[in-house]
Amino acid sequence: MLKAGIIGLGVGERHIAGYQQSGRAEVVALCDIDPAKAQMAREKYPGMTFYGQADELLRHPGLDVVSIASFDQDHYDQLRLAYDLNLHVFVEKPLCQFDWQLRELEKLRAAKPGLKMSSNLILRRAPRFIDLKTRIARGELGTLYHAEADYVYGRLHKITAGWRAESPFYSVIQGGGVHVIDLLMWLTGETPVDAVAIGNRISSAGTAFRHPDMVAALLRFPSGMTAKVSANFGSVYPHFHKLQLYGTGATFENGPETGLLWTSRDPDMKPLALTGAYPGAAKGDMIPAFIAAILDGAAMDVSAEDVFTGMRACLAVDKALAEGRFVRLDEI
Ligand SMILES: NC(=O)c1ccc[n+]([C@@H]2O[C@H](COP(=O)([O-])OP(=O)(O)OC[C@H]3O[C@@H](n4cnc5c(N)ncnc54)[C@H](O)[C@@H]3O)[C@@H](O)[C@H]2O)c1
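Here is a short report on the structure shown in this document.

Scanning the protein chain from N- to C-terminus turns up 11 helices and 15 strands. Scaling as 2.2 N^0.38, a compact globule of 332 residues should have a C-alpha radius of gyration of about 20 Å, and the protein chain matches this with 20 Å. Pairs at least 24 residues apart make up 68% of the contacts formed inside the protein chain by residues separated by at least 6 positions. Both charge centroids of the protein chain, one from 35 positive and one from 38 negative side chains, sit 1 Å from each other.

The following block contains the structure:
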C-alpha cells in the first residue's frame, strides 16, 4: 500500500475516494490552513494525521504520494518541495502560474524521471468525450479543421469573493480554460503552435476581482486546424463545457442533454445523439490509474508531458492577452 497525503480540503477532500478506490493506496495524512477544515478533518477522518502546514504534511514519515489541491498560487512551492522529497504528485490544475515556474518545474522533472506526476484534467473521463475520441480515431469526423471550446463557469460568486478574488494573480484560462484546451489536445492529438487573445472584466466590474473574467483566444495547430477557446467566468448560464468540433466528414456539438453528431448538410437530416454521460466523472476518478502508473508503470489518464504542454498553452494565451500579439508556445 502506498501512503498518500492531501493538501487542501476543498476539491482535495474528494481525492480521498480516489485513493480508496485504488485499493493500493491509503490516505494517511491531510493538511489545510483553515482551522475550520482542521476541526472537520479531525472529526471525520480520525485515522489520518492532520497538519496545518503543507511542508509538514510533505515530510510525513514514509509518504509516497501527495495530492496538491491548495490555492493556485501555492502549487509551485509545494511541487518543488514534493520533488525534493521524492514524492509522486497528483496536482490540481493549474500546475503553476508563471512561465519561469514552468521552466523550473521542467528541470526538476527531468532530474527525477522516476517520479510520476499527473493532474486532474477530468474531462478526459467524461464518457461522452471518450465516445467522441473513439469516433475521431475511426475517421467518422473526417479531417478536423476547426474547434470552438468554451469553459462556461456559471459561478461568478467564486471569483468575486474568496481566494480567487484575493490572490495577487488569477488567470481564468489557467483556472478553467485549461480544461477545454487539454480536451482539444487530447481529442485531436495536436498541440497548438501559437495563440492570440482578447479579454474583459465586464461581469465582475466593481467587485474585488482584479483580473479579466472573460478571455477568448484563437489557437493555430500544426495541421492547419484552427480553434476558438474561451474562459467565460461571468456567464449567466450554468457550469458547462461547450464544444463544437468541425471535421470534413461530421460535426460534433456538446449539448446539456446529449452530444450531437451532424453527418449531413441536409437540414432535414437529424443528427446522431451521443448519449454518453457528461460530465459523468467524479473528481477522484483518475487517481486509481495514477496509483497503477506508480506501482506497475501503467498508462495514466494525463501524462506529465501533457500536463506541462497544457500549462504551456495556457501561459501562451495569458502572454498573448497581456501583450496583444500572437505568442508561440515555444516562446514560453
Ligand atoms: N480539477 C478540477 O476540476 C478542479 C475543480 C475545483 C478546483 N480545482 C483546483 O483545486 C484547487 C483548490 O480549489 P478549490 O475549489 O478546492 O478551493 P476551496 O477554496 O474550495 O478549497 C481549497 C482548500 O485548500 C486550503 N488551502 C489553500 N491553500 C493551502 C495551503 N497552502 N496549504 C494547506 N491548505 C491550503 C484552503 O484552506 C481550502 O480549505 C485550485 O487550484 C483549483 O484550481 C480543480
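Additional details are given in the paragraphs that follow.
So, about the layout of surface pockets. One simple way to see leftover space: roll a probe sized like a water molecule over the atoms. Computed from the structure, the largest pocket encloses a volume of approximately 1100 Å³. For the lining of the largest pocket, the secondary structure elements donating two or more residues are α3 (54-58), α4 (72-84), α8 (163-166) and α9 (172-188). Element by element, the count of residues in the lining of the largest pocket is highest for α4, at 6 residues. For the lining of the largest pocket, the class distribution of residues is 21 nonpolar, 11 polar and 14 charged.

What the rule picks out here adds up to 1 cavity of 30 Å³ or more. A volume near 40 Å³ is recorded for the largest cavity. Every residue lining the largest cavity is listed: Lys-93, Pro-94, Leu-95, Ser-119, Leu-121, Val-178, Val-307, Gly-310 and Met-311. Considering every element that reaches the lining of the largest cavity, the biggest residue donor is helix α11 (residues 304-323), with 3 residues. The class makeup of the residues in the lining of the largest cavity is 6 nonpolar, 2 polar and 1 charged.

In contact at an axis separation of 10 Å, helix α5 (residues 99-111) and α11 are set at 165° when each is read in the N-to-C sense. In terms of their interaxial angle, α5 and α11 are classed as roughly antiparallel. Once α5 is placed against α11, the crossing between them reads as left-handed. Judged by residue contacts, Asp-99, Leu-102, Leu-105, Glu-106 and Arg-109 of α5 engage Ala-304, Glu-305, Phe-308, Met-311, Arg-312, Leu-315 and Lys-319 from α11. Within the contact of α5 with α11, the residues separate by chemical class into 6 nonpolar, no polar and 6 charged.

This paragraph deals with the sheet that holds strand β5 (residues 88-91). Note on sheets: strands pair through backbone hydrogen bonds, and any given pair is parallel or antiparallel. Taken together, 6 strands build an open sheet; the order of strands is β3-β2-β1-β4-β5-β6 and the sheet is parallel. The open sheet has two edge strands with one neighbour each: β3 (49-51) and β6 (117-119). Each neighbouring strand pair of the sheet contributes to a mean axis angle of 25°, computed without reference to strand direction. In this structure, strand β1 (residues 2-7) lies alongside strand β2 (residues 25-31), joined through 6 bridges in parallel fashion. Within the sheet, the bridge partner assigned to Ile-6 lies in β2 and is Leu-30.

The next subject is helix α10 (residues 287-296). Of all 10 residues in α10, 7 are buried, a share of seventy percent or more. Residues Ile-287, Ala-289, Phe-290, Ile-291, Ala-292, Ala-293 and Ile-294 constitute the buried set of α10. Contacts from the buried residues of α10 go to β1, α1 (15-22), β2, β4 (65-68), β5 and β6. Gly-297 sits one or two residues past α10 and shows a positive phi near 75°.

Our next topic: the packing of aromatic side chains. Counting across every chain of the model gives 15 aromatic pairs. Between Tyr-237 and Phe-240, the aromatic rings sit 6.2 Å apart at their centres with planes inclined by 40°, giving tilted as the arrangement. By relative accessible area, which is 33% here, Tyr-237 ends up partly exposed. You can call Phe-240 buried: its relative accessible area is 4%.

Here we come to the side chain of Ser-230. Relative to the assigned elements, Ser-230 resides in strand β10 (residues 226-232). We classify Ser-230 as buried; its relative accessible area is 4%. Those residues within four positions of Ser-230 in sequence are excluded, and the remaining contacts are Ala-149, Asp-150, Tyr-151, Val-180, Met-214, Val-215 and Ala-216.

We now examine the packing of α1 against α10. Axis separation between α1 and α10 bottoms out at 7 Å; the angle between their running directions is 50°. Taken together, the axes of α1 and α10 lie oblique to each other. By crossing handedness, the relation of α1 to α10 is classed as right-handed. Of α10, the residues touching α1 (which contributes His-15, Gly-18, Tyr-19, Gln-21 and Ser-22) are Ile-287, Pro-288 and Ile-291.

This part is about the environment of Arg-109. Its location among the elements puts Arg-109 in helix α5. Sequence spacing of Arg-109 and Glu-305 is 196 residues, and the spatial spacing of their C-alpha atoms is 9.9 Å. The residues contacting Arg-109, other than those within four sequence positions of it, are Tyr-83, Ala-304, Glu-305 and Phe-308.

All right, on to the pattern of salt bridges then. Tallying each qualifying case throughout the model produces 21 salt bridges. For Arg-24, the salt bridge is made with Asp-296, and the minimal N-O distance between the two is 2.9 Å. Highlighted residues: Arg-24 in the loop between α1 and β2 and Asp-296 in helix α10, separated in sequence by 272 residues. By relative accessible area, which is 33% here, Arg-24 ends up partly exposed. Several salt bridges converge on common partners, so that one network encompasses Lys-319, Glu-323, Arg-325, Arg-328, Asp-330 and Glu-331.

Here is what the cut-offs are and how they apply
Residues numbered from 1 in each chain as written. Predicted model: local features only at pLDDT ≥ 70, side-chain atom pairs only at ≥ 80, totals over all residues. Heavy atoms only, no water. Helix = DSSP H or I, 4+ residues; strand = E, 2+ residues; numbered from the N terminus. Rg over C-alpha atoms; globule rule 2.2 N^0.38 Å. Contact = heavy atoms within 4.5 Å. Lys, Arg positive; Asp, Glu negative; His and termini not counted. Charge placed at Lys NZ, Arg CZ, Asp CG, Glu CD. 1 Å grid on protein atoms, 1.4 Å probe; cavity = no way out; pocket = protein on both sides within 12 Å on 5 of 7 lines; lining within 4 Å. Points joined across faces, edges and corners; volume = space filled by probe spheres on them. Nonpolar A, V, L, I, M, F, W, Y, C, P; charged D, E, K, R; others polar. Axes fitted to C-alpha atoms, helices over the stretch in contact; angles between N-to-C directions. Parallel < 35°, antiparallel > 145°, perpendicular 65-115°, else oblique. Left-handed = near helix turned anticlockwise from the far one by under 90°. Pairing = 2+ DSSP bridges. Buried < 20%, exposed > 50% of the residue type's maximum accessible area, 1.4 Å probe, protein only. Phe/Tyr/Trp six-rings, centres within 6.5 Å; stacked < 30°, edge-to-face > 60°. Salt bridge = Lys/Arg side-chain N within 4 Å of Asp/Glu carboxyl O.

These values are about where atoms sit, not about what they do.
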